Each structure stands twice: as structure tokens, then as C-alpha cells.
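Chain by chain, the residues:
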Amino acid sequence: MVRKMENEKELQDIRQKVEALRKRVEHLAYRYYVLDDPEVEDYEYDTLIHELARLEEQYPQFASADSLTQRVGGMALNTFAPVEHTVQMGSLQDVFHEEELREFDERVRQTVEQPQYVVEPKIDGLSVSLEYENGEFVRGSTRGDGLVGEDVTGNLRTIRSIPKTLRVSPAPEYLEVRGEVYMPREVFDKLNEEQELSGAPPFKNPRNAAAGSLRQKDAKVTAKRRLDIFVFNVQQIRGKELAGHQESLDYLRDCGFPVSPSYRRFGSIEPAVQEVRRIGEHREEFHFDIDGAVIKVDDFSQRVSLGATAKFPRWAVAFKYPPEVKPTTLLDIQVQVGRTGAMTPTAVFEPIQLAGTTVSRAVLHNQDFITEKGISIGDTILVRKAGDIIPEVVGVQEHDDSRPVYQLPQLCPVCGAKAVRQEGEAVLRCPNPECPAQLLRTLIHFVSRDAMDIDGMGRAILENLTHQGLVKTPADLYYLTAQQLQGIERMGEKSAANLMRSLEQSKSRDLARLVYGLGIPSIGQKAAQLLADRFETMDKLSEATVEEITQIDGFGEVMAQFAVNYFAMESTHEMIERLKAAGVNMTAAKREQGTLLSGKTFVLTGTLPNMTRQQASEKIVAFGGRVTTSVSKKTSYVLAGEEAGSKLTKAQSLGVPVLTEADFIEMIEANGEDELTDGD
């Protein structure tokens, strides 16, 4: 009995400790993410978060769905349910000249007397609705078409600056606010750097990156993207009276929401116009992107009087800043080499000021782009920032005909290998896998989860190994010693032993993963699997001809030529022999294949609720079916998920049967349960 009481006392103490710790990290997060006024160093905050996570894991009865530990990665969502907006999330009328702002003021004063205006930056992000009941966050949704959006509550919970409980007392009975989810510039730059290193296409701008991140099926991916939000409007509220926009923004800040860092009220239009001008002149000083400034009538009763047209409210307009285009002298064209050997030309020009920042470089894409624009070194070129973000060359203003149009070098500028350009491609490539410019990116790809999955072999370690000259090809990884690894900064004996174990385990990976890990241009995971299935061993694949490879469904001549060229290089042959000698598997695993879908051709489109398209493709192949990329009369089925595009439309026009994921699962479970068990 005494021991039971002691246990109850211990649990009570732990519960109190968890609650106090949770309250502490909530406070620190508010100071950091909302007020931008951190109380402690990042290390101390991270330590508290880790301690809270440890206690919640050890004592799950004290865990909470609203804990900050839960907002950095939740369960994968099955789908985004539709949400009907009871207050329409409309858009504003755009204007492009200051005179149009004055005309807006004249229209307003025809209806109301002595209007006051609030001016604030127009954040370039993704518009969302946040709903609270009695102070608790209950739902978040995207704008959609303004009338119906999508429920993204789980993903929005990962944004730390969104309060899960309002900081005012008493809290309103119900509150719906509108905000703009965005990706800070610093986060965007880092994300694109990671995309480049992994060989993935970069995001075009922070807004696209934010939109794609918020609609991830797995909230863990959203959490890693470090999104943020500004709340800029009260959509509806019960239990609190608000008279105007500035008052509402002040109130939202008190509630714990991050609101625009720059909103000001003016008694007439001229100082409001000057504020719009000031925001434009200083827009690059923000840590986020804006695509204009907004002028709103402050008084809510006046807004009611002004009303709205069928498209826009009459009480606000959005001023859009024109993109700047400036001439400058092209000084040089430098060629950079990426992971897949792509040689990308970059313009280097006399520095100019664009959208508030100094720029001196812009990507020129490829030889076709340079030839089309007629660009020569020494020309006066025209440069702008696409979307006010990425510098781009628009064209040539002055050109001297005596100067020839620039031609990319025929030899790799880093290793000297003869560059190649495949038919149908615009890119010139260095074919040498040992090219130093490609090495780090090649290694990062080789050790990645979808390739050889070498746990613990991160970028920092690879950088260290390449800088020390210990690794020059992926094969060198398997000849490292524990002593060499221990020589790396922050790598102790235990860490080195774990990494050696990971390297040893990776030797048994299937041939398809090795082929994918080699980073052959145009050969992704699916193509690597098809090559492994067809040729079964690395020796046979290395000797395959273009004709043999193009016989594989889904392979064109360009992809086949890339593979043949890669294996024809002496450096590739030497690396594969070293991988063999190290004990790396060179044989494809025998895959049991069912016959349920034999002779059936599938096309996949859209986002499936519970599985990736890769997983669905593997299921189809496991049951003897075939996956292709284009819809025709010969297509047996189209497997369609959310946001299915033109492929779904074409399937419907041709009368091709369309399956949902549920239909597909029912098909294989109802008719092939035994095969499913054997094949998985």
C-alpha cells in the first residue's frame, strides 16, 4: 500500500514537471516565433524540447496533441477534406499606379465621410483560415477557390508561430482569422541548396515552396520546411466587439498571432500613398517576400456601407510594384558543373540594384537560350528579377556584330572530359563520374535513403572525407577504416563503429538501388529497377546495348544512350570492379511476380491518399501489370488521385476505366489475396 502511494506521488510529480515544462517551452516559442525577442539561446530551448519529448514518450499518459513536440512531425494525412468557408476568402483588386490609389480614395469618399486607411505589406504566400473555439485552435484550411478550401489542420499545427491556445482572457467564443503562410528567404535559399545537392529541381520562388510544403501528405515534411505565418484579418468573431482594422490587428497580436511587422493608419490618402512608396523602397529589408502593399478602410461600419462588387470588396485595393529592368555590361560567362554533369552557364555582369538588392550574376540556362538571345561577352544586357526574387537575363540591348555569340566549352572546365549533348536534350554534360565538381553531390546521392541507404553518412562527413582526399568515388567509401573515420571532427569511436556497420549493411542492397545510386543521368528509381529486372547482374547491364535497353517498356533511346555511355567509360568500369572487390552486391533480387494483372497497362496520375505513386507502381508490377506514362486506347486503367490533370481528362474522353486507390486495393484484395501475401 505504501509503495502504491509512493508510485502515485512519483507520477503526480512527473505530471507536474511535464506541464511546467510544456508551459515553459510554449512561452519561449511565443517569444521567439511571434515577438522575435528570444529569452534564451537556441541550445537551451532545444534541450528543453528534447527533455519534454523524452518524458512524453516515457509517460504517454501525460502527452498532449497540442504539445510543441507534436508539431514537428505528425502522422501522415490520408486526404485533405473539403472545408466550406462561411465567410468568403476573396481577393483584392490590383492597381499598378499611384494615381489609381487616389481614384480609389475618391470612390470611397463618395460613400463615406472622412475615411481612415490602414496600409500594410502584401505578403507573398498561401492564404489560409484558422478557426478557434473558446480559445483553442480547432481547424485550419486553405483558401481554395474562396468558397471551398482544404483541411490542412495537421500541417498547420507544425508551424510554431501559430498559437494553439489564444493568450487572451476571456477568449472569444469563436474566432476565425485569415493569414498568409510563407517561407522565409533564408529557409528558401537553404532548401534550394539541398535540392541542388540531391539533384532535385529547385523551387521557383518561396511562395511555390510554401504552397507545396503546406500540402504535403506527411506533416513531418511540412515541419522540416520551417514555414511561418502572418495573420492579417478577422474573418468572424463571437464574444468580442472590434470597431476597426487597426484595433483588430492589435487584438490579434495580444491573442498571440504574428501580425504584419509594418501596419500604419492614416487620416487621408496622400500619406497612405507615401507609405506604399516607402514599403516598396524597403521591401528587400523584410525577411520574407512581398508582392505589393494593401490599403484598407479602417472602420468596419464604413466597410459595410461600401460593400463589394461581384469580384472584389470596395473598401480595399492591392498596389502591385512593377518589376525593375535595368541594363548592365556582361563581363563574363562562367560554367558550373552539377551532380549529373550538367554544365550550366552563368552570366557575370556589372553590379546593379534590383528590387532593393545588388545583383551581379544570373543563370543563362543552356546554349539554346544563349543562341536565341544572341548573347556575347561585352554586350549590354537587360536584367530583371523574376517575381522580384531570382535575377534573369531578359535580352540584349546593345550588341556588337563583330563579337561572336558565346559558345559553351566542349571540354568540362573542371576535369577536362569531352562534354556530350544527347539528342533531344538542351543540356551539355560532363560524362566523367569522377569529376571533382560532381563528387560531393554524387556521394550525397549514393548514400541517400532511396539508393544505398548508408545511415549516419551525412553531408558534413562526406565534405570532410572529400576535403581530406579519402574519398574520390563512391567505391572509396567501402575502403574506409574506423581509424580514418575517427579522425573526422566530432566522430568518436562509437560513432565510427556505427558508421562502419552501416557501410557493411549497405553492401547487401539490391542491384536496383546500386544502379540508382550511381547517379546515371536520366535514370531514376523506376528506370533503375527496370534495368535490374531486365539484366539481373551488373556485368550484363554493363555490356547492354542501346537496342537491348530500348526493348524495355518505358525506355526511350535517350535514356538508353545515357546508360550505355556511362558504362562505356573506363572510370565507371574501374569503380564497379572496386565495388565488387569490396563485397557490394551486384545481383538483382528475384521478385515473386503474380499474374492477377498480367497483360494490364496502368497510368498513374494525381496524389493517392495512402500510398505514393512509386508504391502503387511496385504493387502493379508485383502482380504482373505494367505502368506507362501516357494514356491511349490501349491503356487498361488509369489510377487517379487528387489533383489528377490532363491524363484523367484524356482517359475519360477515350472511355478508359478510372480507378480510385480504394478501387485498386479492392481489385487486388478481392481477387489476389494469396498473390498479395506472396508478392509483398
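See the structure above.
Residues numbered from 1 in each chain as written. Predicted model: local features only at pLDDT ≥ 70, side-chain atom pairs only at ≥ 80, totals over all residues. Heavy atoms only, no water.

### Comments concerning unusual backbone geometry
That bond from Ser-169 to Pro-170 is cis: its omega, 0°, falls within 30 degrees of zero. The phi dihedral of Arg-226 is positive, around 50°, even though this residue is not glycine. Looking at Arg-226, the relative accessible area reads 47%, which means it is partly exposed. Even without being glycine, Asp-453 reaches a positive phi, approximately 50°. Following the sequence through the fold, Asp-453 ends up in the loop between α12 (436–447) and α13 (459–467). The exposure class assigned to Asp-453 is partly exposed, which follows from its relative accessible area of 28%. (Buried < 20%, exposed > 50% of the residue type's maximum accessible area, 1.4 Å probe, protein only. Helix = DSSP H or I, 4+ residues; strand = E, 2+ residues; numbered from the N terminus.)

### Considering the sheet that holds strand β7 (residues 174–182)
Across the sheet, which stays open at both edges, the four strands sit in the order β5-β4-β7-β8 with antiparallel pairing between neighbours. Looking at the sheet topology across the chains shown, the edges are occupied by β5 (136–142) and β8 (228–238). Direction aside, neighbouring strands of the sheet carry axes that sit 25° apart on average. (Pairing = 2+ DSSP bridges. Axes fitted to C-alpha atoms, helices over the stretch in contact; angles between N-to-C directions.)

### Observations concerning the packing of helix α3 (residues 98–109) against helix α9 (residues 269–281)
When two helices pack together, their arrangement is given by the angle between their axes and by how far apart the axes lie. The N-to-C vectors of α3 and α9 enclose an angle of 145°; their axes lie 10 Å apart at closest approach. The two elements α3 and α9 meet at a crossing, and its hand is right-handed. Of α9, the residues touching α3 (which contributes Glu-98, Leu-101, Arg-102 and Asp-105) are Ile-269, Glu-270, Val-273, Val-276 and Arg-277. (Left-handed = near helix turned anticlockwise from the far one by under 90°. Contact = heavy atoms within 4.5 Å.)

### Points about the packing of α12 against α13
Orientation of α12 relative to α13, taken along the N-to-C sense of each, is 135°, at an axis distance of 10 Å. Taken together, the axes of α12 and α13 lie oblique to each other. Between α12 and α13 the crossing geometry is right-handed. Along its contact with α12, which presents Leu-439, Leu-440, Leu-443, Ile-444 and Val-447, the element α13 presents Arg-459, Leu-462, Glu-463 and Thr-466. Considered class by class, the residues forming the contact of α12 with α13 number six nonpolar, one polar and two charged. (Parallel < 35°, antiparallel > 145°, perpendicular 65-115°, else oblique. Nonpolar A, V, L, I, M, F, W, Y, C, P; charged D, E, K, R; others polar.)

### Quick look at the environment of Ala-451
Structurally, Ala-451 can be placed in the loop between α12 and α13. Sequence-wise, Ala-451 and Leu-514 are 63 residues apart; in three dimensions their C-alpha atoms are separated by 6.3 Å. Not counting chain neighbours up to four residues away, the residues in contact with Ala-451 comprise His-445, Phe-446, Arg-513, Tyr-516 and Gly-517.

### Concerning the environment of Ala-171
Structurally, Ala-171 is set in the loop between α4 (153–156) and β7. Residues Ala-171 and Arg-238, spaced 67 residues apart in sequence, show a C-alpha to C-alpha distance of 9.8 Å. Each residue touching Ala-171, except ones within four places of it in the same chain, is listed here: Asn-134 and Gly-135.

### Observations concerning the packing of aromatic side chains
As enumerated under the stated definition, the model contains 13 aromatic pairs in all. With a centroid separation of 6.4 Å and 80° between ring planes, the pair formed by Phe-446 and Tyr-478 is classed as edge-to-face. Taken together, the positions of Phe-446 in helix α12 and Tyr-478 in the loop between α13 and α14 (482–486) put the pair 32 residues apart, joining distant regions of the chain. Relative accessible area serves as the criterion here: at 9%, Tyr-478 is assigned to the buried category. An aromatic cluster is present here, built from Tyr-182, Phe-230, Phe-286 and Phe-288 joined pairwise through their rings. Taking the ring centre of Trp-315 as reference, the NZ or CZ of Arg-303 above it sits at 4.0 Å. Seen from the ring of Tyr-479, Arg-578 lies directly overhead, with NZ or CZ sitting 4.3 Å from the centre. (Phe/Tyr/Trp six-rings, centres within 6.5 Å; stacked < 30°, edge-to-face > 60°. Lys NZ or Arg CZ within 6 Å of the ring centre and 35° of its normal.)

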